[in-house]
Each structure stands twice: as C-alpha cells, then as structure tokens.
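Remarks on the overall topology
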Amino acid sequence: MNKPTDTDGSADPSVFADASQLANGDAPMVELVGVSKFFGDFAALTNINLKVARQEVLVVIGPSGSGKSTMIRCVNRLETHDVGRIVVDGIELSDDVRNIQAIRRETGMVFQQFNLYPHLTVLDNITLSPRLVRGQTRAAAEAKAMELLERVQIPEQAHKRPGQLSGGQQQRVAIARSLAMEPKLMLFDEPTSALDPEMINEVLEVMTDLAREGMTMVVVTHEMNFARQVADRVVFMASGEVVEVGTPEHFFTNPSEPRTQAFLSQIL
Amino acid sequence: MTDTAPTAADQPTDPPLWSPSPSGSVSTWLKKNLFRSRLDGVVTVVAGTIILIAGFRFLRFVFVTGRWQIVRENLSLYLTGSWPEEHLWRLVVVVVGLALIAGFIGGFSAGRIDDDPSRAVSLAGRDRLVDLGSRLWPLVVTVALLLALTTTIGPLLVAAGAIVAAVAGNMAGRAVPGGMSAVPVVVGVLFLTLAGIWLLNAGLSWNSWGGMVLNLSLATISIALCFPIGVLLALARRSEYPILRWLSTGYIELFRGVPLIGLLLMANVALGFFIPNSLAPGKVVRAIVIFVLFTSAYIAEIVRGGLQSVPPGQIEAGKANGLTPIPIITRIVLPQAIRNVIPALVGQFISLFKDTTLAGAAMGLTDLLGGAEASTAQADFRGQGLIAETLVFVLLIFWAGSYTMSRESQRLETKLGVGER
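Within any chain, residue numbers begin from 1 and follow the written order of that chain's sequence. Written order decides the labels, with chains lettered from A and ligands numbered from 1. With pLDDT at 70 or above as the cut-off, local features in this predicted model cover only qualifying residues; side-chain atom pairs require 80 or more to be listed or tallied, and sums for whole chains, interfaces and linings still use all residues. Note that the side-chain values use all heavy atoms of the structure and ignore hydrogens as well as water.

Moving on, we get to the sheet that holds strand E5 (residues 91-92) of chain A. Residues and elements named next belong to chain A. The four strands lie next to each other as E2-E1-E4-E5, forming an open sheet whose pairing is antiparallel. A strand with exactly one partner marks an edge of an open sheet, and here the two such strands are strand E2 (42-52) and E5. Strands pair, by our definition, only if DSSP identifies at least two bridges between them. To qualify as a helix, a DSSP run of H or I must reach at least 4 residues; to qualify as a strand, a run of E must reach at least 2; elements of each kind are numbered from the N terminus. Judged from the two bridges that link them, strand E4 (residues 83-88) and E5 form a sheet pairing that is antiparallel. Directly across from Val-87, in E5, lies its bridge partner Glu-92.

Residue and element names in this part refer to chain B. Structurally, Leu-260 is set in helix H11 (residues 260-269). Burial classes follow relative accessibility: with a 1.4 Å probe on protein chains only, a residue under 20% of its type's maximum area counts as buried, one over 50% as exposed, and anything between as partly exposed. Residue class for Leu-260 comes out buried when judged on its relative accessible area of 8%. Each C-alpha atom, one on Leu-260 and one on Gly-318, is 40 Å from the other, the two residues being 58 residues apart in sequence. The criterion used for residue contact is that any of the two residues' heavy atoms lie within 4.5 Å. Once residues within four sequence positions are removed from consideration, Leu-260 is found in contact with Ile-290, Phe-291, Phe-294, Asp-355 and Leu-358.

It is common to give the size of an interface as the accessible area lost on bringing the parts into contact. Taken together, the contact between chain A and chain B spans 26 residues of the former and 22 residues of the latter. A quick way to say it: buried area is the sum, across both parts, of accessible area lost when two parts are put together, with a 1.4 Å probe. The junction of chain A with chain B conceals about 2100 Å² of combined surface from both sides, 54% of it contributed by carbon and sulfur atoms. Its largest share of buried area at the contact with chain B, chain A owes to Tyr-117, Pro-118 and His-119 of chain A, together 25% of the area lost on that side. In what follows, salt bridge is the name for a side-chain nitrogen of Lys or Arg lying within 4 Å of a carboxyl oxygen of Asp or Glu. Scanning the region where chain A abuts chain B turns up one salt bridge.

It is worth spelling out helix H4 (residues 138-151) of chain A at this point. Residues and elements named next belong to chain A. One less than the number of residues in a helix, times 1.5 Å, gives the span that helix is expected to have. Between its first and last C-alpha atoms H4 spans 20 Å; for 14 residues at 1.5 Å apiece the expected length is 20 Å, and the two agree. Turning to H4, its buried residues number three or more, namely Ala-141, Ala-145, Leu-148 and Leu-149. All buried residues of H4 lie within an arc of 100 degrees about the axis, which places them on one face of the element. What points out from H4, more than 90 degrees from its buried face, is the exposed set Ala-139 and Glu-147. Trailing H4 by a residue or two, Gln-153 shows a phi angle of about 65 degrees, which is positive. In this context, the arc is that of the directions from the helix axis out to the C-beta atoms.

Residues and elements named next belong to chain B. Those domain boundaries reflect an automatic or database domain assignment. Considered domain by domain, chain B is made up of domain 1 (1-15 + 70-82 + 205-421), domain 2 (34-65) and domain 3 (85-203). Summing both sides of the interface, domain 1 and domain 3 together bury roughly 1800 Å²; the carbon and sulfur share of this comes to 68%. Seen at the junction of domain 1 and domain 3, the total is one salt bridge. One salt bridge in this structure joins Arg-135 and Glu-408, with 3.1 Å as the shortest N-O distance. Sorting the residues of the side of domain 1 that touches domain 3 by element identifies helix H4 (69-80), helix H9 (211-237) and helix H17 (387-416) as the ones contributing at least two each. For the side of domain 1 that touches domain 3, the leading source of residues is H17, giving 11 residues. Residues belonging to the side of domain 1 that touches domain 3 are distributed by class as follows: 13 nonpolar, three polar and five charged. Note on residue classes: Ala, Val, Leu, Ile, Met, Phe, Trp, Tyr, Cys and Pro are nonpolar, Asp, Glu, Lys and Arg are charged, and everything else, Gly too, is polar.

Laid out in structure tokens, this is it:
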C-alpha cells in the first residue's frame, strides 16, 4: 500500500489517510505541497497539501470564497501559486513556459461558464487544439471529435455554433473539447452551477461515465449527490484551507470537524 | 376602395392587422405612423414641407438648371487625371482584372458557405441577382450615370468586360471544391493585386496617377496596409512586455494627436529636412505612408476596444486547452475582437477614403476633387460659377463608394452574427 512519504514533513497525515486504498502503486497524478496563494494581503489559499491518485475522483466542496476554484486553477496555472510546490504527473509547475504547456496539454478543464469559442462550430471548438497542439490532420481530428460527440450524446449538433445550443449541451461540448486532447487529468470548476436545473443531470451523467472509465478527476461542485455517489474522496475547504478529507461515507455520515458539520447541516 | 371588414369577419383566423387591401393599409399606415397625435401631425406637415421643397430644388438643379457640360467634357480628367492615352490600356486591364478577382472571391466564399451546413443557404439564380442589385445599387447607379455621361464607346466596352469578368470569376470561384484551403486563393489574390500595381506603375510613375483612380488606389492600398499594422499596434499596447507597450502607446498618442493635413503638408514640404531629396519617394508613396501611419493609430484603438470586449474566459479556455499564446490570439481572441468592432473599423476606412482628397489639397496631386476644381478654371468654363455642378458630381462618387462600404459592412455583421453569442 502506498502511504505517502512525507519528504518535507509538513503534510498533515490525515489528508492522505484514505488515498492509500485508492492509489494504484504509481506516483500521484497531482500533488500539492504547502501551497499558498495571496491576493494582496488576502490569503486565498493557506498551506494546501493534497494528493490525487491516478484514476481517483476527488470532489472539492465548501462555501463560496473558500478557495476551491483558486486551488484547481492553480493546478493548470490559470492562477499562480505563491508558496509551495505543485506537481502534475511528475512535472513540477514553475515559471518555465515549457512545463506549463506540458501540464496544460495533458490536463483538461471544464468551466462554470462553458467558455466555448462562440465564433467556431461545435466541431471546430473540439478540433482546434488537437490540430494546432497535437498536429492532427483535420480529418483525424474530426473523426475523433464525432466519436466524442457520440459519447456525450449530441453528434447531431456538430455543425451548430455554441450560441444555438442549450447550456447543458454546451457544457457537454466543453467536456468533449477537453477530452479531445486525451488528457490524463480533468479539472471541473463548478460545471453545473450555471445550468438550469433540468440540464444538470445530463452533464453529471457524462461526468459519472467518465469517472467509471477511470479518468482522474478533480471536481469542484455543489452537487452533493454526485459527491456521495461518484467521489472516491471528498475534500472540504473553508477560508482557503483544507479542513477535512475523507471518503464520501465518512464525510456525509460522520464528519469529524465542526466546520464541516456546520456546512453540511446548512446544505443537506 | 373595397371594404375588407367582411372578409376579416369571414376568416377570423386571419390576424386583424393583416389587411389584404394595399390602399387600405396605406391610409392605416399613415394614421398609425405619421398622424398618431396632433403633435405628430404638425411634425409630419412641417418636415414634409421641408423635404418637398429641398427635393424639388435639388431635382430642379439636377434636371433643369444644372449645366452638366463641364462634367461631360472633363469626365476622363475626373476619373483618371492626366493619365496618358497610350497607357490607358493598363487601367482597363486592371479594372477588368479587379472585377474578375472580386467575382472569384464572391463565388469562392459563397461556395464555401453553401458547403457549411451551419450557415444559412445562399440564394439561387434570380434571387441572387435581386440580392446583388439591392446591395450594390449605389454603385450600379453611379456607374450607369458615368456611362450615360460618356461620349465614346470605350467605357461601355470596359464596363461590359468587367461584368463578364465578374460573372466568369464568380462561376470559377463556385467551381472550386469546398474542402480546399483558402490559402492558395489568398496568395493568388495578393499576387494578382501586386501584379496589377506593377502593371499600372510600369511605364507610368506613381506621380502621374490622378483623378478618382488616385483616390481609390490611395484608399485601398492604405486600408490594406493600415489594418494589419493597427492590429499589431493594438496587441503591442496590451502586451506584457513594457517596451512594446510604451512604443505602441507613444506611437498611437502621437499620430492621434496631430492633424492629418499637417502630416501630409509635412510629407510634401518638410521631408527634405530629414531625407536627401534624391532618396525621397514620390508624392503618392508619401501620401500612402502618411495615411497608413495616421489611420493605423486609430485602427489600433478600435481593435483594442474589440480586444477588451472578448471575455477573459475565452483566453483561459484556450490556455487550459493547451494552446500557446499565438494561436490563442489569432484563432480565438482576434476573430471575436474584430467581429465586434466591424462598424467602427469600416467607419474609419470610409473616413480614410474621403480623406484621400486631402492628399490632393495638401500635396498638389490632381485627385478627383483637384480635377473638379481645375476644370472650373478651363477656358471654356471659367467664371461661369460651375463649381456646384462639379462638386455635386464629386460628392456623388464619394457617397456611392462610402455608402457601399457601409452597406457591405452591415451585411458582413449580419453574416457573422455580431450581437449573438
């Protein structure tokens, strides 16, 4: 079993307590060691220590302003962390542009606001990066894109523009766009928060399928049912700190921290 | 007038406002739009009187009192300046060639849009002709007027040749297979344009260009050059690299802060202070340089506004998707930014087109306006107060060009779906 070896000794052992049963013997996919981030004097993240094992689904919950989004945006350098180390698939994030590009190439991200390219068709949205970054031919990239659109169940929308799609369809296209780069890790930043209620499930279903297929996922969400049913571990954050990490079972039935208990009692 | 009320009563499914009788709808329309209240009625009567008087006086000037002989006799001066007759064929070749290229581009893009199932289908046959007519009528009317004013058969033949070339180019453009990349087409068009400039220039220096041809050439060449430069300046002004930012900001603020005519005068007179006269380029080149320097500063600010209108999430999506900075700019940010500022850009281009008359005034070139002024000093027409006739003609030409640009830009906006996300 793969108990984390704390090289710097600063990591809180409880953070990794449950990762052991999930890790499959490899190095972790994502490792955050003592990560802090400041916006001026405001500490957005304070001493975050987290490991995400390969094929693990980690769900991050917490009140708004707790630093959940900031944390996962640090993983692919949409935000810059000020203190600590972030290692993704063995590559350490630094100011080196090549490292940043390498990490972004194998990390997909799905945004709250979809952020599809409105001037391109669905198909072009999906094939743009594979063609420009992976050097795929248009034909190969489009074949792959159609496959992915089948998988998210909207192949008939391939030639429309994002503005002609519903929110749920747009978010599924955004997932397909990320998958087209064949990422090893997927980051979801509140993927269902901007959706009308009746469209949330179609997106969660796609995410659940993805988790079943063994994708490593870090999901910031307020969907507690998704956390309960799909997560391998749940992280609770508040005020820029990781308060508690545990299995969904532990988390939803018997949380140990008072702050977690207070939060869960408010939302459940 | 037939009473439509029973019909409407017999067919209650008809919408009540949808009257089948046109005369009935005219009176209803008048009542609804022009005489809704007492105040509306007063405004309608006053405005209508002014419009009628102005329209009557204008039409009387055009068809009765105007003495158009001066325009008739100086048509070639207005259109081509003092272009030597033995070189006129160069101009004809270029005009026909331009028509061919324009037709080809139109056909090529229409063919590609037909192939793209996400776009609206284009019109067919007769509808296309109607569409083209409704789009280009200011140009068509102006060309027809020019042809009516000519005294020889030559211009008619040129016009006919241009139409044939445009149609042929259009058909050729449509015949290009849809999957083909646009790159060879762009390269080909650029090459042909350069060839056209060379053809005009060989055996005839820039400096003998004149008339409307000069205004059009100054405008098209300057627009083609100032647009990419303006985009680069806008990007530089938003760059994270401070020296680029300072240079770009300084450039923009300098050229936006000085009057264009001052720059043109300087290029005409004061260039000798900076460059030995033997090295200084000809006047037309100087004018183009000044127009490009000046207008690119404005274009830069317009494009910068467009860049700011693109949500930051677009750039983040590109980054997260593994794209490097250059494709993020060229494939994601710029297409959206420029699409959002098409009206302002075209406004700037129209302004440049009209400002080309300043080159005539400030640099002593005989452009369309200069030719018009010169013609009133000819022995046959001197002292007869013909400046109104010549100016109306000049303004018509500029209006036709500007209005066409404006309409085409509106069409482009609709086509690209500006305002829809």
